[in-house]
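Residue-level structural notes
Each chain, written out:
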Amino acid sequence: MAIRPHYSAEALERQYDVAIGVDDVDAIQDGYRRASDEVAASGHGVLDLEYGPDPLQRLDLFPAQYGGPSPVMVYIHGGYWKGGEKAGRRFPAPFYNDSGIAWAPINYRLSPSCAMDGIVADVRAALAWLYRNAADYGIDPDRIHVAGHSAGGHLTGMALAPGWHAEYGVPEDIVKGACATSGIFDLEPMRRTSHQDNLALDDATAARNSPVRHPPAAPVPAVVAWGTRESDEFRRQSEDYAAALEAAGCSVSLIAAEGHDHFSIMGDMVRPDTPLGSAMLNLVRRG
């Protein structure tokens with residue numbers, strides 16, 4: 001879990017610069033946004049459901065395409081905890097809906113206005129809201145799954161962490177399966193990069209909110225993935241977290257998505273012929 005000692009400050013900064021070597025970041029993100037806009041325009045989903053009083057405490061819900069209480073995949077966007085939004089992550093909804101799975105991308109408060117503890121609390125509050133209101137939207141509260149990318153991968157890990165459930169009035173096994181892609185599971189390196197300017201992490205906050213230090217209390221099936229074109233630190237973060245999950249008794253699918261960078265890997269979520277796409281579907285079926 002320790003930062004590799006051979007990284008200088010400049011080298012560590014580069015390790016966590018997700019855009020290095022990716023020439024088409026804007027084109028990739030624009031593609032996700034256009035596809036998401038089409039999904040929103042279809043009228044199939046319910047947008048901006050309030051799980052808290054803040055304008056960013058909102059989620060979308062795209063129900064499964066056929067009857068009966070369905071499982072749901074809650075999706076947590078990335079953006080280094082300071083940016084991003086659910087509006088650009090609606091595009092997977094038709095793929096999962098056609099497979100009998102509801103899709104629920106969420107927003108959460110962002111740094112620096114909101115500290116890390118509050119961001120983590122928002123994700124947990126969104127899950128608790130879905131659990132309490134599941135029946136109103138055709139969702140089975142006993143089949144809630146969570147997925148997230150980058151900062152959303154970190155927040156997925158914090159949804160799996162033990163010890164928060166009683167405060168929110170939900171069962172300890174509320175999350176039946178999780179998929180974290182390109183995540184940051186050990187926050188200590190963030191304190192030594194420019195991201196500290198927004199996050200203002202101290203020792204205790206970084207430790208308290210590092211999923212690698214807080215694996216689930218009971219085994220949960222999980223998928224942990226990263227792209228082979230990502231930095232060594234992103235690979236290390238994923239491998240360390242997968243090892244922590246396995247040590248806790250979890251069944252883990254560890255995926256190195258061949259040829260993908262930090263952004264392109266998200267496209268595999270809607271492709272059942274890829275390791276990530278098929279693993280996410282199987283995760284819900286197992287759960």
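It should be noted that the structure appears before, not after, this text.
Here goes a summary of the coordinates provided.

Each helix and strand in the protein chain was counted, giving ten helices and eight strands. Relative to the 2.2 N^0.38 estimate, which gives 19 Å for 287 residues, the radius of gyration of the protein chain is 17 Å and therefore close to what a compact globule would have. Viewed in the frame of its principal axes, the protein chain has a C-alpha envelope of about 55 × 40 × 35 Å. A burial count over the protein chain gives 57% of its 287 residues as buried. In the form shown here, the protein chain has an accessible surface area of approximately 11,400 Å², with 48% of it arising from carbon and sulfur atoms. Across the protein chain, the 24 positively charged side chains and the 38 negatively charged ones have centroids separated by 2 Å.

So, about the packing of aromatic side chains. Under the definition given, this model contains nine aromatic pairs. A network of ring pairs unites the aromatic residues Tyr75, Phe95, Tyr96 and Trp103 as a single cluster.

The terminal C-alpha atoms of helix α9 (residues 232-247) lie 22 Å apart, and with 16 residues this matches the ideal 22 Å at 1.5 Å per residue to within 8%. What α9 keeps buried is the set Glu233, Phe234, Arg236, Gln237, Ser238, Tyr241, Ala242, Ala244 and Leu245. On its buried side, α9 packs onto α1 (9-15), α5 (151-160), β7 (222-227) and β8 (252-257). Two residues or fewer past α9, Gly249 is found with a positive phi of approximately 95°.

So, about the nonpolar core. By size, the foremost hydrophobic cluster in this structure holds 94 residues, and its most contacted members are Trp81, Leu127, Met190 and Met269. Broken down by element, this core gets its largest block of residues, ten residues, from helix α4 (residues 116-133). Apart from residues lying up to four places away in sequence, Met269 is in contact with Tyr75, Phe91, Pro92, Phe95, Tyr96, Trp103, Leu276, Gly277 and Met280.

The residue Leu245 is located in helix α9 in this model. Given the relative accessible area of 1%, Leu245 is considered buried. A C-alpha to C-alpha distance of 9.9 Å links Leu245 and Ala217, two positions 28 residues apart in sequence. For Leu245, the residues in contact, after removing those within four places along its chain, are Leu160, Pro216, Ala222, Val224, Cys250 and Val252.

So, about the side chain of Asp261. With respect to the helices, strands and loops of the structure, Asp261 is situated in the loop between β8 and α10 (275-286). The exposure class assigned to Asp261 is buried, which follows from its relative accessible area of 2%. Only 2.7 Å separates the side chain of Asp261 from the backbone nitrogen of Phe263, close enough to count as a polar contact. A distance of 2.7 Å separates the side chain of Asp261 from the backbone nitrogen of Ser264, its partner in a polar contact. Those residues in contact with Asp261 that sit more than four places away from it in its chain are Val22, Ile28, Arg229 and Glu230.

Between its first and last C-alpha, helix α2 (residues 25-41) extends 24 Å over 17 residues, near the 24 Å set by a 1.5 Å rise per residue. On the buried face of α2, the contacting elements are α3 (93-98). Looking one or two residues past α2, Gly43 carries a phi angle of roughly 80°, positive in sign.

It is worth spelling out the packing of α4 against α5 at this point. As a packed pair, α4 and α5 sit with axes 10 Å apart at the nearest point and diverge in direction by 65°. The angle between the axes of α4 and α5 places the two elements in the roughly perpendicular class. The handedness of the crossing between α4 and α5 comes out as right-handed. Here α4 contributes Met116, Ile119, Val120, Val123, Arg124 and Leu127 to the contact with α5, which in turn contributes His154, Leu155, Met158 and Ala159. By residue class, the composition of the contact of α4 with α5 is eight nonpolar, one polar and one charged.

The next point concerns unusual backbone geometry. Geometrically, the link from Ser111 to Pro112 is a cis peptide bond, its omega value of 0° lying close to zero. Look at Asp48: it is not a glycine, yet its phi comes out positive at around 60°. Along the chain, Asp48 turns up in strand β1 (residues 46-50). Although it is not a glycine, Ser182 sits at a positive phi angle of roughly 50°. Locating Ser182 in the fold gives a position in the loop between β6 (175-181) and α7 (196-199).

Quick notes on the rules
Residues numbered from 1 in each chain as written. Predicted model: local features only at pLDDT ≥ 70, side-chain atom pairs only at ≥ 80, totals over all residues. Heavy atoms only, no water. Helix = DSSP H or I, 4+ residues; strand = E, 2+ residues; numbered from the N terminus. Rg over C-alpha atoms; globule rule 2.2 N^0.38 Å. Buried < 20%, exposed > 50% of the residue type's maximum accessible area, 1.4 Å probe, protein only. Areas by Shrake-Rupley, 256 points an atom, 1.4 Å probe, with all protein chains shown as cover. Lys, Arg positive; Asp, Glu negative; His and termini not counted. Charge placed at Lys NZ, Arg CZ, Asp CG, Glu CD. Phe/Tyr/Trp six-rings, centres within 6.5 Å; stacked < 30°, edge-to-face > 60°. Expected span 1.5 Å × (residues − 1). Contact = heavy atoms within 4.5 Å. Core = buried A, V, L, I, M, F, W, Y, C linked by side-chain atoms within 4.5 Å. Polar contact = N/O pair within 3.5 Å; in protein donor to acceptor, adjacent residues only side chain to side chain. Axes fitted to C-alpha atoms, helices over the stretch in contact; angles between N-to-C directions. Parallel < 35°, antiparallel > 145°, perpendicular 65-115°, else oblique. Left-handed = near helix turned anticlockwise from the far one by under 90°. Nonpolar A, V, L, I, M, F, W, Y, C, P; charged D, E, K, R; others polar.

By themselves, these observations are geometric and do not establish any function.
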